[in-house]
Each structure stands twice: as structure tokens, then as C-alpha cells.
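Summary of the model geometry
Chain by chain, the residues run as shown.
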Amino acid sequence: MKPNMKYLCVFLCYVLLVLFCPVTVIPSVYGRKFHRSCKKHHNSRYSESCKSTTIFNILSFGAKANGVSDDSKKLVAAWKAACKVGGGTLQIPSDHKFLIKPVTLQGPCMAHVVFQKVAVIENVKLIGLVNFLHLKFKLTFWNKKQSLQAIQPPSRSGLTHPTCPVVVSHFLKTVVSSSAENFYQTDLTLSTLYFIILYIKKIKDEIGLKFKQIDGTLLAPSKIGSWSKSNLYQWINFKWVQNITIQGSGAIDGQGYNWWAPMESKQASLDIKPTALRFYASEDIVVRDITIKNSPQVHLKFDNSQGVKVNNVTVLAPGNSPNTDGIHLQNTRDVEIMHSNIETGDDCVSIQTGCSNVHIHHINCGPGHGISIGGLGKDKSIACVSDIVVENSNIQDTLYGVRIKTWQGGLGLVKNITFSNIQVANVNFPIVINQYYCDKSFCKNETGSIAIKEVMFDKITGSYSTQPIHLACSKDIPCTEINLSDIQLNPSRRPLEGSQLQQALCYNSYGYSNGQLVPSSVNYCLKKEGGGGSVNQISTLSNELC
């Protein structure tokens, strides 16, 4: 047997030994503290959760769970306990209702201070050589001339296990900092590699924080007067958190009925109303399987965040509830929203300024106002949105289908937008660009506008009730590089007596159309590309701003 093959076989034997070797995780100080306080707080059937140092049941912190008593402080206490322990899980048990007043659940949490950049280790399945190949590392498995010594790390090194050598810390940092295109080569003895795998097994559950298993119901205060003016912006606010998962079969109920009705109190007359669930300045967020309903205003908001995944979420509010957007993105990038059902009184998904690299797919939307980018540029502000894909979705019984809306007088750029394979049913205006957006009875005319370019409407099919296409671009700055491809929209009803369905409208919009086009007015709607030097100058300015 060749020496290299011999060493490889020996290494694989070590790996198999590791996989079947039990490892004891050393409980943290915070876990021990919780274990003592948990026993003191709770002695019912939920005391089973006290046996774990990473699972924190809100009932174990004294929550009444009757839907009447205020459980806000108990929720915050459970959050703080979970936040202090790596891999903490906060549980909201089923068949219970928890009245929660406005709260902020703040990070950063322990796991993400120590191992902020090594969350990728959660995805390492510890199958030895195969995983290292997936991470694209070249390792020299045997070096008789050099042996790395296990050195005791200093107490402030951030490594919680006293048996961990400094070399492991260096190795883990290298795992994350190395790009997929580069290779990292180091000399490791088999004993050191064995130690690294053991250490990864110890820490792999300490990487992620999960606020999970919302199987019960969280209730917002129903009386408007119980909300202080300082808490009108949001109800449950996650701030500065990283690598968090919210999941479960339960519901977050904003009880917003009183906010939607004609309002008499001074407080209710304010334009500001609470968002049900908000993430601010956070990273690596997963929200899945839960129901969010009846928010006073926006249901789920991501603000100044990065790395968002929303999957199999249900958002519910009556079709006549005002400004109850389903999912609202602002200054947020790297987002995926998928396989979700959204029924509200406003936009199913609203994409605001500062958003990029957003992928929305397999969404059922309606009733509501469709899926929108904007409104952008209010009060002559600068707005930048790019790299948005909305595809493989159904929109039914909504005012709009897919839409871009901007205020007059704004500055900035919207570019590289794709709406593809969208099925619409009984939608008033399936395809819309509106650069004269106004949310009140009268808005003053303004010069200038946000530039819009590189927008594709592809395979938008189904039925409309008012107008198939409405592209109303700014008279000062035309929309350019607009593509209408395979548009097939038929009226959902016959026109009322004395009225008629409107033809496709394309005002000051340049681009091309191709494929099957229904109605026929779509075929000659867009102007051919042109505009001259002034348009190019405007485009250059917009690119500089964004």
C-alpha cells in the first residue's frame, strides 16, 4: 500500500472513531444560573425544560398565560436567559395565550459575541474528509517533523472550553475567513485534527440562537389607550441580534381592530401605528411556519438588516384594514421570501429604499395591493433599489399586481428588476409603474424623479378588471430598458354599461416587447429605445447617487 493511501486510511479510522464517540458538553455558568432560578420559579409539568441549560420555557419564568395578565417582563427574562447561553431556545408553548406589551429583545447574544463569524460550523456534519472537501480546504494530514502543541488559551480568548488549544481557534477563524475560491493549507498531525473535530462537536450547538416554537399565541394590547406614545412604532422589536430563528405553529396576534376603525382619541389619530414584529440592525434571520395576524399596521418588518429568510409564513388581516402591509423591507439586503400566504389590506410585500438582492418566489398574495417597490423619493429624498426578483407567484383579488411607485421630486435609481411567471386573477392593474404616486387627495407637481431602468415583466398572465398595463413614467426622466415579454391578460368581466376597459398605457417609457402579447395594445405600448444624451447624463447622475 502506498504511504499516502496508508495515511488516508488511518485518518478515516480516526474520523469514524470520532463520529461514534460520545462527547460531554460542559454546561455554561449562565446555564447553571438558569437551572437554579427555573426550579424556584416553576414546578408544573413544564419544569421538564429546567433540565436543559439551553431550553427556556416562558412558563418557567412565571408567565400567567391567561391572555389577561401582563407577561411582558417574563418574556424579556426568558429572552435574556436564552441570549446568555449559546444555542439558547425560548419556547412559547401551545394552548396558551400571553398578553405582551411593547418589548425590545436586544442582542448581541453570547454565541455571536464569541463565534460571531463561525456560524457556518452549524452546517458541518462532521463526516470527516468529505466535509473538508466541501469547504475546499487542502490539509496535510501527516507531518512527522512538526507537531502542534495544545496550548491553554488565555481566559479572555472567547473559547469557553478549557481544553481547547489556540490552534483550534486559529483553524476555526480560517474556516470562515477563507473564500470558496481560495484554498487554505496547513500542516496538522492526525491527533490535532482529531482534537479539532471533537471541539467542533462541542461547540456546534452553541453557534445559533433560536427564539423558537411559538406554538402558543402572543397577544398585543387591544386598547389603544394602553399604548404609550414612545411605544407606537413597534410591538415586538428584535434589535442587534444575529443568527436567530423564529418558528412554530402558533400566532402573533396584533389585535389591531381598534386601530383600523374611525378613531376618536388623540392618540389614535396619529399617523404612527405599531408594527407587529420588527427586526432592526440584525443579521442571519429565519422566520418560518408561524402566523402573524391583525397588526395595527405592518405585520413583519426588516430594517437595516442582512441575510433574511422567510419561509411558509401566513400573514392575515381583513382586506379593508388600512396600511397593514404583510412584509416590509427597508435598507435590507440578501433576502429570500418564499412559500408564504399573505392576505392584508395593503401591499403583500413592500420593498423600500436601500434594498438589494431580494428574491421573492412562490407567494400567494391577496386580497391587498400586490407586491410593490416603493413609494420611493418622498419629500425629495434619495432612494436606491436594485437586483430584485419576484417570480412564480399568484396574485388574486388585489388592487395592483406587481408595481413600482415613486413620488415626484425624488432622486436616485431603481434598476435590474424582474417580475416573472406571475399568475394574476381579477387584479385591477396587474402591471404598474407609477412615478406620480400620491397617498392623499392632492400632491403638488414637482420636477425631477427617481430614474427607473432595466425592468422586465415576463410571463404575466391571467385576468384584469380595469387596465392591463399602466406605465406612467416621469415627464422629466423617462423609464428606460423596459421589457414586456409574453404578457397575456384578459378582462375578468365585461365592462359595466356606459364604461369600457382601459387600454394599455405606456407614458414616456422606452424599451421593447416580444412573445405573445394580449391585449394587442401591449405590442405598441413602449417607445423604442432612445432619448439621446440628456437621458444618459441623468442615468450617470443616478448611478453616482446610488
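These remarks concern the structure in this document. Every residue gets a number counted from 1 within its own chain, in the order that chain's sequence is written. For a predicted model such as this one, the threshold for reporting local features is a pLDDT of at least 70, and the threshold for listing and counting side-chain atom pairs is 80 or more; totals across whole chains, interfaces and linings nevertheless cover every residue. Water and hydrogen atoms were dropped before computing side-chain values, which therefore reflect all heavy atoms in the structure.

1. Overview of the pairing of strand 19 (residues 327-330)
- Only strands that DSSP links by at least two bridges are regarded as paired with each other. What counts as a helix is a DSSP run of H or I of at least four residues, what counts as a strand is a run of E of at least two, and both are numbered from the N terminus. With four bridges joining them, strand 16 (residues 300-303) and strand 19 adopt parallel strand pairing. Each residue of the ladder has a partner; that of Asp-303, found in strand 19, is Gln-330.
- Where strand 19 and strand 21 (residues 349-351) come together, three bridges link them in parallel fashion. When the sheet's bridge partners are listed, Leu-329 is paired in strand 21 with Ile-351.

2. Focus: the sheet that holds strand 5 (residues 103-106)
- Strand order in the open sheet made by the eleven strands is 5-10-13-16-19-21-23-25-27-29-31, with parallel pairing throughout. One side of each edge strand has no neighbouring strand; the edge strands of this open sheet are strand 5 and strand 31 (505-507). Averaged over all pairs of adjacent strands, the angle between their axes in this sheet comes to 15°, without regard to strand direction.
- Across three bridges, the pairing between strand 29 (residues 469-472) and strand 31 is parallel. Note that in strand 31 the partner of Ala-472 across the bridge is Tyr-507.
- Those strands touched by helix 3 (residues 72-84) are strand 5 and strand 10 (234-239), and its axis lies near 5° from that of strand 5. Where helices are involved, their axes are fitted lines through C-alpha atoms of the stretch in contact, as for all axes, and angles between N-to-C directions lie from 0 to 180°. Only heavy atoms matter for contacts: two residues are in contact if any of them lie within 4.5 Å across the pair.

3. As for the environment of Ile-363
- Here Ile-363 shows up in strand 22 (residues 355-365).
- With a 1.4 Å probe rolled over the protein chains alone, any residue whose accessible area is under 20% of its type maximum counts as buried; one over 50% counts as exposed, and the rest are partly exposed. Judged by relative accessible area, Ile-363 falls into the buried class, the value being 1%.
- When the C-alpha positions of Ile-363 and Ser-393 are compared, they lie 4.8 Å apart, and in sequence the two are 30 residues distant.
- With sequence-adjacent residues up to four places away left out, Ile-363 is seen in contact with Ile-337, Met-338, His-339, Ser-340, Ile-342, Asn-392, Ser-393 and Asn-394.

4. Remarks on the side chain of Thr-344
- Its location among the elements puts Thr-344 in the loop between strand 20 (333-343) and strand 21.
- In this structure Thr-344 touches His-299, Val-315, Ala-317, Pro-318, Gly-319, Thr-324, Asp-325, Gly-326, Pro-367 and Gly-368, once residues within four positions along its chain are discounted.

5. Focus on the state of the cysteines
- By convention in this document, the label disulfide applies to cysteine sulfur atom pairs within 2.5 Å. With the rule as written, the count across this model stands at six disulfides.
- Between the sulfur atoms of Cys-384 and its disulfide mate Cys-546 the distance is 2.0 Å. Since a negative S-S torsion denotes a left-handed disulfide, the Cys-384-Cys-546 link at about -80° is left-handed. In this pair, Cys-384 sits in strand 24 (residues 382-396) while Cys-546 sits in the segment after helix 9 (532-545), placing the two residues 162 residues apart along the sequence.
- Exposure remark for Cys-384: the relative accessible area of 21% places this residue in the partly exposed category.
- Taking the relative accessible area as the measure of exposure, Cys-546 reaches 44% and is therefore partly exposed.

6. Structural notes on the pattern of salt bridges
- Each salt bridge in this description consists of a side-chain nitrogen of Lys or Arg and a carboxyl oxygen of Asp or Glu lying within 4 Å of one another. One pass over the structure, following the stated rule, counts seven salt bridges.
- A salt bridge links Asp-303 to Arg-278, with the nearest nitrogen and oxygen atoms 3.0 Å apart. Taken together, the positions of Asp-303 in strand 16 and Arg-278 in strand 13 (residues 275-280) put the pair 25 residues apart, joining distant regions of the chain. Take Asp-303 and Arg-278: they sit in the same class, and that class is buried.
- Here the residues in one salt-bridge network are Asp-347, Arg-403 and Lys-405, joined through shared partners.

7. Some words on unusual backbone geometry
- Omega for the peptide link from Gly-107 to Pro-108 comes to 0°, which places this bond in the cis form.
- With respect to the helices, strands and loops of the structure, Pro-108 is situated in the loop between strand 5 and helix 4 (110-114).
- Along the chain, Gly-366 connects to Pro-367 via a cis peptide bond; the corresponding omega equals 5°.
- For Pro-367, the position within the fold is in the loop between strand 22 and strand 23 (371-376).

8. Details of the pairing of strand 11 (residues 242-247)
- A large share of strand 11 lies buried, amounting to six of its six residues.
- With five bridges joining them, strand 11 and strand 14 (residues 283-288) adopt parallel strand pairing. By the bridge assignment for strand 14, Ile-246 is matched with Val-287.

9. Notes on the packing of aromatic side chains
- Any two rings among Phe, Tyr and Trp, with Trp reduced to its six-membered ring, count as a pair given centres within 6.5 Å; such a pair is stacked if its planes are under 30 degrees apart, edge-to-face if over 60, and tilted if neither. Tallying each qualifying case throughout the model produces eight aromatic pairs.
- Considering the side-chain rings of Phe-238 and Phe-279, the 5.0 Å spacing of their centres and the 10° angle between planes classify their relative orientation as stacked. Linking Phe-238 in strand 10 with Phe-279 in strand 13, this pair joins segments that are 41 residues apart in sequence.
- Given the relative accessible area of 1%, Phe-238 is considered buried.
- Classification of Phe-279 by relative accessible area gives buried; the value is 0%.
- Consider the rings of Phe-279 and Phe-302, whose centres lie 5.3 Å apart with planes at 10°: the pair is stacked. Here Phe-302 lies in strand 16 and Phe-279 lies in strand 13, a separation of 23 residues in the sequence.
- Under the relative-accessibility criterion, Phe-302 is labelled buried at 0%.
- What links up through ring pairs into an aromatic cluster is the set Trp-79, Phe-238, Phe-279 and Phe-302.
- For the cation-ring pair, Lys-239 lies above Trp-240, with the distance from its terminal atom to the ring centre recorded as 4.4 Å. By the criterion adopted, a ring carries a charge over it if an Arg CZ or a Lys NZ lies within 6 Å of its centre and within 35 degrees of its normal.

10. Looking at the environment of Asn-311
- Tracing the backbone through its elements, the reader meets Asn-311 in strand 17 (residues 306-311).
- Under the relative-accessibility criterion, Asn-311 is labelled partly exposed at 24%.
- For the pair Asn-311 and Ser-340, spaced 29 residues apart in the sequence, the C-alpha separation amounts to 6.2 Å.
- Filtering out sequence-adjacent residues up to four positions away, Asn-311 remains in contact with Val-287, Arg-288, Asp-289, Met-338, His-339 and Ser-340.

11. Quick look at the environment of Thr-480
- Here Thr-480 lies in strand 30 (residues 479-491).
- Thr-480 gets classed as buried once you look at its relative accessible area, which sits at 11%.
- The spacing of Thr-480 and Glu-454 is 26 residues in sequence and 6.7 Å in space, taken between C-alpha atoms.

12. Re the side chain of Thr-398
- With respect to the helices and strands, Thr-398 occurs in the loop between strand 24 and strand 25 (400-406).
- When neighbours within four sequence positions are excluded, Thr-398 is seen to be in contact with Cys-365, Gly-366, Pro-367, Gly-368, His-369, Gly-370, Asn-426, Val-427 and Asn-428.

13. Side note on helix 3
- Helix span is expected to be 1.5 Å times the residue number reduced by one. Here helix 3 spans 19 Å end to end across 13 residues, near enough to the 18 Å set by a 1.5 Å rise per residue.
- Where helix 3 is concerned, the buried positions are Ser-72, Leu-75, Ala-78, Trp-79, Ala-81, Ala-82 and Cys-83.

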